[in-house]
Amino acid sequence: ATGWGKDTRVSQGAKLLHTIRNMRRQGAAIDSVLDVGCSHGNVVAELWQSGIVASGVDIARGAADLATSLHKPPHGRASCNGEGRPCFQAASATSLPFRDGAFDAIASS
């Protein structure tokens, strides 16, 4: 892959996981994360693999559709779409399609 490939996203995911783990050690209850500008969805997928319910939005419909097709459902957890997999939606950061308080944290990868 060229440009923003999987290796770059995994690195960003690892940094975010490190931050979340540090915040949890300090008493923060972070079990769900929204990634604004999720692109291919690799950061969201890495969060799911670490046990965090995560979803993503990207302003580009093509990016959200690609993320949805790339990431198969993990078992036993539900996301914002109730399907046991991360949901990816096309949306602007200024008009998110979720109710207030739907996520414990919001990140931008």
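Residues numbered from 1 in each chain as written. Predicted model: local features only at pLDDT ≥ 70, side-chain atom pairs only at ≥ 80, totals over all residues. Heavy atoms only, no water.

Considering helix 3 (residues 61–70)
Inspection of helix 3 places Ala-63, Ala-64 and Ala-67 among the buried residues, and these make up the whole buried set. Along the axis of helix 3, the buried residues cluster in a sector spanning 100°; they form a single face. Taken together, the buried residues of helix 3 touch strand 2 (53–58) and strand 3 (88–90). (Buried < 20%, exposed > 50% of the residue type's maximum accessible area, 1.4 Å probe, protein only. Helix = DSSP H or I, 4+ residues; strand = E, 2+ residues; numbered from the N terminus. Arc of directions from axis to C-beta. Contact = heavy atoms within 4.5 Å.)

Observations regarding the state of the cysteines
What makes a disulfide is a covalent bond joining the sulfur atoms belonging to two cysteines. Inspection of every chain in the model, using the stated rule, returns 0 disulfides. No disulfide involves Cys-38; its nearest neighbouring cysteine sulfur is the one of Cys-87, lying 9.3 Å away. (Disulfide = S-S within 2.5 Å.)

Overview of the pairing of strand 1 (residues 32–36)
Across the 5 residues of strand 1, 5 count as buried, placing the element largely inside the fold. Side-chain alternation along strand 1 places Ser-32, Leu-34 and Val-36 on one buried face and Val-33 and Asp-35 on a second face that is also buried. Strand direction decides the pairing type here: strand 1 and strand 2, joined by 5 bridges, are parallel. Each residue of the ladder has a partner; that of Ser-32, found in strand 2, is Val-53. (Pairing = 2+ DSSP bridges.)

Focus: the environment of Cys-87
On the secondary structure map, Cys-87 appears in the loop between helix 3 and strand 3. Sequence separation between Cys-87 and His-71 is 16 residues, and the spatial gap between their C-alpha atoms is 9.4 Å.

Here's the deal with the packing of aromatic side chains
As enumerated under the stated definition, the model contains 1 aromatic pair in all. Here the aromatic rings of Phe-98 and Phe-103 are separated by 5.0 Å at their centres, their planes lie at 90°, and the arrangement is edge-to-face. Taken individually, Phe-98 and Phe-103 each receive the classification buried, so the pair is uniform in this respect. (Phe/Tyr/Trp six-rings, centres within 6.5 Å; stacked < 30°, edge-to-face > 60°.)

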